[in-house]
Amino acid sequence: MNKKITIIGMPMDLGQMRRGVDMGPSAIRYAGIVERLGSLNYEVHDIGDIHIGRPEMSIDQDSKLRNLELIAEKNELLAIEVHKAIENGAFPLVFGGDHSIAIGTLAGVSKHYENIGVIWYDAHGDLNTAETSPSGNIHGMPLAVSLGLGHPRLTQCGGYTPKIKPENVVIIGARALDEGEKELIKEKGIKVYTMHEIDRIGMTKVIEETIEHFRGRTNHVHLSLDLDGLDPTDAPGVGTPVIGGISYRESHLAMEMLAEASIITSAEFVEVNPILDEKNKTAIAAVALMGSLFGEKLL
């Protein structure tokens, strides 16, 4: 694992309708992430937050997407900062914000790494487009956008498309998929471990198979971890909780195994909403999982 980490806050709540997720980066910092990583002998540079401001919500008249222009504009800024971090030899660690920020993160990362792998740790597939989305909320679209599917203002973030290939994506923890997403998964052959598979074969086997899936395909894997991938009992402070999720302990095991495999070269932790949380429990869980991802051990 790269011993230099650049933290980038992306306090954006434009991709969905429940306010408060813009405070996620602050909640994660308050939970002690900089100190945690520093204690693991990482050189941590926190560049602060990308400025989002308090723009008024809008709906694009043609596509019916919420806040299309604003999300496109802010993700361009994020892509630049992620690009800079990698150029400077650092591991980019992005704090959200809603999951629409993955559009910018992947735009910045994939400029550097050919055939980048992506682990999408999430209750949702985030594979909707304007045509399939029930809500028009862009936080349900970033994986599709990164595959080159969706509105050109989003898919062209960073000036090129696609960012990733479907065969290089592994979704872990899915338990709430829209019909259009199910069709796309089958059409593109995207590898998905639903909660059924996790319950049936266990998290150890899931991560072993995921690591093996990337072997020979790529040396660079991006982790996009939505806290709603965890069960709401362990991570209540999220905008779209889905019961029956991955446990806190299973998630630690997954992060520990990824750390041992040393394949993760960039990451984002998203959808921490302190307004909906219980005493910052979700941000504390996020920080603990980051500790495991970056090699923290009990002994």
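The name that an unreviewed UniProt entry assigns to the protein chain is Arginase, with the source organism given as Peribacillus loiseleuriae. Reading the Sequence similarities (unreviewed entry) entry of the UniProt record for the protein chain gives the comment "Belongs to the arginase family." As stated in UniProt under Pathway (unreviewed entry), the record for the protein chain gives "Nitrogen metabolism; urea cycle; L-ornithine and urea from L-arginine: step 1/1."

Enquirer: I would appreciate a short explanation of the nonpolar core in the present structure.
Expert: Note on soluble globular proteins: their nonpolar side chains tend to be buried together. Core analysis: the largest hydrophobic core is formed by 47 residues, its most contacted members being L93, Y121, I172, L223 and F269. Tallying contributions element by element places helix 8 (residues 195-214) first for this core, with seven residues. Setting aside chain neighbours within four positions, we find I172 in contact with I119, W120, Y121, D122, Y193, I198, M203, V206, I207, T210 and I246. Of all hydrophobic cores here, the second largest spans 44 residues; its members include I50, A79, I138 and I164.

Enquirer: Would you explain the packing of aromatic side chains in this entry?
Expert: Think of a pair of aromatic rings as described by two things: how far the centres are apart, and how the planes are tilted against each other in angle. Summed over the entire model, instances satisfying the criterion amount to two aromatic pairs. When the centroid spacing of 5.0 Å and the interplanar angle of 70 degrees are considered together, the rings of F91 and F294 count as edge-to-face. You can see F91 sitting in strand 3 (residues 91-96) and its partner F294 sitting in the segment after helix 10 (281-293), a full 203 residues away along the chain. F91 gets classed as buried once you look at its relative accessible area, which sits at 1%. For F294, a relative accessible area of 3% puts it in the buried group. Ring-pair connections join several aromatic residues into one group, and the members of that group are Y42, F91 and F294.

Enquirer: Please clarify how the UniProt feature "binding site: Mn(2+) 1" (unreviewed entry) in the protein chain should be interpreted in this entry.
Expert: Those residues carrying the UniProt feature "binding site: Mn(2+) 1" (unreviewed entry) are H99, D122, D226 and D228 in this numbering. Across 130 residues, the annotated set stays spatially compact, with a maximum C-alpha separation of 10.5 Å. Following the sequence through the fold, H99 ends up in the loop between strand 3 and helix 4 (102-109). Look at H99 and you get buried, because its relative accessible area is 0%. With sequence-adjacent residues up to four places away left out, H99 is seen in contact with W120, D122, D126, H139, P142, S224, D226, E268, V270 and E271. In this structure, D226 sits in strand 7 (residues 221-226). With near-sequence residues (within four places) excluded, D226 lies in contact with H99, Y121, D122, V270 and E271.

Enquirer: Would you take a moment to explain the environment of Y160 for this structure?
Expert: Structurally, Y160 can be placed in the loop between helix 6 (152-155) and strand 5 (169-174). Exposure remark for Y160: the relative accessible area of 22% places this residue in the partly exposed category. Expressed as a C-alpha distance, the spacing of Y160 and G237, which sit 77 residues apart in the sequence, is 34 Å. With sequence-adjacent residues up to four places away left out, Y160 is seen in contact with L106, A107, S110, K111 and T155. A polar atom in the side chain of Y160 sits 2.6 Å from the backbone oxygen of A107.

Enquirer: For this particular structure, what's the right way to read the sheet that holds strand 8 (residues 264-270)?
Expert: Working definition: the strands of a sheet are paired by backbone hydrogen bonds and lie parallel or antiparallel to each other. With parallel pairing, the eight strands of this open sheet are ordered in space as 2-1-3-8-7-4-5-6. Two strands in the sheet have a free side with no partner beyond their single neighbour: strand 2 (43-49) and strand 6 (191-194). Between one strand axis and the next, the sheet turns through 15 degrees on average, direction left out of account. In this structure, strand 3 lies alongside strand 8, joined through three bridges in parallel fashion. By the bridge assignment for strand 8, L93 is matched with A267. Strands in contact with helix 4 are strand 3, strand 4 (117-121), strand 7 and strand 8; relative to strand 7, the strand with the most contacts, it is inclined by about 170 degrees. Against the sheet, helix 8 contacts strand 4, strand 5, strand 6 and strand 7, and its axis sits at roughly 150 degrees relative to strand 6.

Enquirer: It is not clear to me how the packing of helix 9 (residues 248-261) against helix 10 should be interpreted in this structure. Could you clarify?
Expert: To characterise two packed helices, one gives the angle between the axes of the helices and the distance between these axes. Contact geometry of helix 9 with helix 10 gives a least axis separation of 7 Å together with a crossing angle of 30 degrees. As the angle between them shows, helix 9 and helix 10 are arranged roughly parallel. Contact with helix 9, carried on its side by Y248, S251, H252, M255, E256, L258 and A259, involves A285, A288, L289, S292 and L293 of helix 10 and no other residues of that element. Partitioned by chemical class, the residues of the contact of helix 9 with helix 10 number eight nonpolar, three polar and one charged.

Enquirer: How should the pattern of salt bridges be read in this particular structure?
Expert: Oppositely charged side chains can form a pair if their charged atoms are brought close together. As enumerated under the stated definition, the model contains 13 salt bridges in all. Of the charged contacts in the structure, one is a salt bridge between R29 and D46, with a shortest N-O distance of 2.7 Å. With R29 in helix 1 (residues 24-30) and D46 in strand 2, this residue pair connects regions lying 17 residues apart in the sequence. Under the relative-accessibility criterion, D46 is labelled partly exposed at 28%. Ionic pairing is found between K74 and E73, a salt bridge with its closest N-O pair at 3.7 Å. On the accessibility criterion, K74 (8% relative accessible area) is buried. Connected through salt bridges with shared partners, the residues R29, D46 and D49 form a single ionic network.

What counts and how
Residues numbered from 1 in each chain as written. Predicted model: local features only at pLDDT ≥ 70, side-chain atom pairs only at ≥ 80, totals over all residues. Heavy atoms only, no water. UniProt positions renumbered as here; feature names shortened; annotations may be inferred. Core = buried A, V, L, I, M, F, W, Y, C linked by side-chain atoms within 4.5 Å. Buried < 20%, exposed > 50% of the residue type's maximum accessible area, 1.4 Å probe, protein only. Helix = DSSP H or I, 4+ residues; strand = E, 2+ residues; numbered from the N terminus. Contact = heavy atoms within 4.5 Å. Phe/Tyr/Trp six-rings, centres within 6.5 Å; stacked < 30°, edge-to-face > 60°. Polar contact = N/O pair within 3.5 Å; in protein donor to acceptor, adjacent residues only side chain to side chain. Pairing = 2+ DSSP bridges. Axes fitted to C-alpha atoms, helices over the stretch in contact; angles between N-to-C directions. Parallel < 35°, antiparallel > 145°, perpendicular 65-115°, else oblique. Nonpolar A, V, L, I, M, F, W, Y, C, P; charged D, E, K, R; others polar. Salt bridge = Lys/Arg side-chain N within 4 Å of Asp/Glu carboxyl O.

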